[in-house]
Amino acid sequence: MPAVLVFAGLDPSGGAGIAADLGAIAAQGAHALPVVTALTVQDHNRVYDIVPVDCSLLVRQAQALIDSVAIGAVKLGIPGNRANAEAIAALVNQLRQRDPALPVVLDPVLASGHGDALSRGDALAELAPLLAVATLVVPNLREAQALGRLMCPHVLVTGGHGDGPDVVNRWQSAEHQQEWRWPRLPGEFHGSGCTLAAAIAARLALGESMQEALERGQSYTHQSLAQSFSIGAGQRIPQRLPSLL
């Protein structure tokens, strides 16, 4: 079974971060290798605190996996701080010595949906090492505006924060420009970006082309949101399992 190495934070609500990645990757038929980058104090609506994992522990977690498992793709979430981001980038470069075409999908989370910080430092500056190794970056409209022009091979800008009856997601690369339209669903969702990025990473680990992975990852995510559930007032949790494909 293809394995996806995941670097992301732990969300105790089970809605975003590592929890979202595990479900989304499993639903595609791949296996997630979760490396925790940060512990958080949060529910399904707000983030109250974040504590980055010690960088040396993060490296030890990942190195044990890199030494014993064939990695089909990497999915990146919040690094927690700059030291972790630099360590993760070095680990990706190490993996690329044995697989130069290794796909790396980055969900460039700068803040929670309510604007709560997800970093102990400058979240934008901390992303720089990860942007340098990403194959695909999946920002929402707000994140894309903050990041500016990206030099990554592939960018998928999601339109969930836009207006109108449709969510418009736009893919840009050197060879391709394509957009997808999905009916806008009512309500707000916790972990939708994590779900999409993880699903795409899993599809790439399965050997699909970028276009196929983007198409199927978006379809899966839309269905997960359409069948979302509530654990309390506020944001809903995407129904990631069982597989909807």
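Higher on the page you've got the structure.
Residues numbered from 1 in each chain as written. Predicted model: local features only at pLDDT ≥ 70, side-chain atom pairs only at ≥ 80, totals over all residues. Heavy atoms only, no water.

Asks: Residue-level account of the pairing of strand E9 (residues 177–183), with values.
Replies: Each regular strand displays side chains that alternate between the two surfaces of the sheet. Relative to E9, strand E8 (residues 166–173) runs antiparallel, the two being bridged by 7 bridges. Its bridge partner being in E9, Trp 171 is matched across the sheet by Gln 178. The hairpin formed by E8 and E9 contains 3 residues between the paired strands. (Pairing = 2+ DSSP bridges. Helix = DSSP H or I, 4+ residues; strand = E, 2+ residues; numbered from the N terminus.)

Asks: Let's hear about the packing of helix H1 (residues 17–28) against helix H7 (residues 192–205): which residues, and what values?
Replies: Closest axis-to-axis distance for the H1/H7 pair is 8 Å, and the angle between their directions is 40°. Regarding the angle of H1 to H7, the classification is oblique. Note on packing geometry: the crossing formed by H1 with H7 is right-handed. Across the interface between the two elements, Gly 17, Ala 20, Asp 21, Ala 24, Ile 25 and Gln 28 of H1 pack against Cys 194, Thr 195, Ala 198, Ala 199, Ala 202 and Arg 203 of H7. For the contact of H1 with H7, a count of residues per class yields 7 nonpolar, 3 polar and 2 charged. (Axes fitted to C-alpha atoms, helices over the stretch in contact; angles between N-to-C directions. Parallel < 35°, antiparallel > 145°, perpendicular 65-115°, else oblique. Left-handed = near helix turned anticlockwise from the far one by under 90°. Contact = heavy atoms within 4.5 Å. Nonpolar A, V, L, I, M, F, W, Y, C, P; charged D, E, K, R; others polar.)

Asks: For the pairing of strand E7 (residues 154–157), give the residues involved together with the corresponding values.
Replies: A two-sided burial pattern is seen for E7, the buried positions comprising His 154 and Leu 156 on one face and Val 155 and Val 157 on the other. Bridging between strand E6 (residues 136–137) and E7 involves 2 bridges; their strand directions are parallel. Note on E7: the bridge partner recorded for Val 137 is Val 155. For the crossover from E6 across helix H6 (residues 141–147) to E7, the handedness is right-handed. (Buried < 20%, exposed > 50% of the residue type's maximum accessible area, 1.4 Å probe, protein only. Right-handed = clockwise from strand over helix to strand, strands pointing away.)

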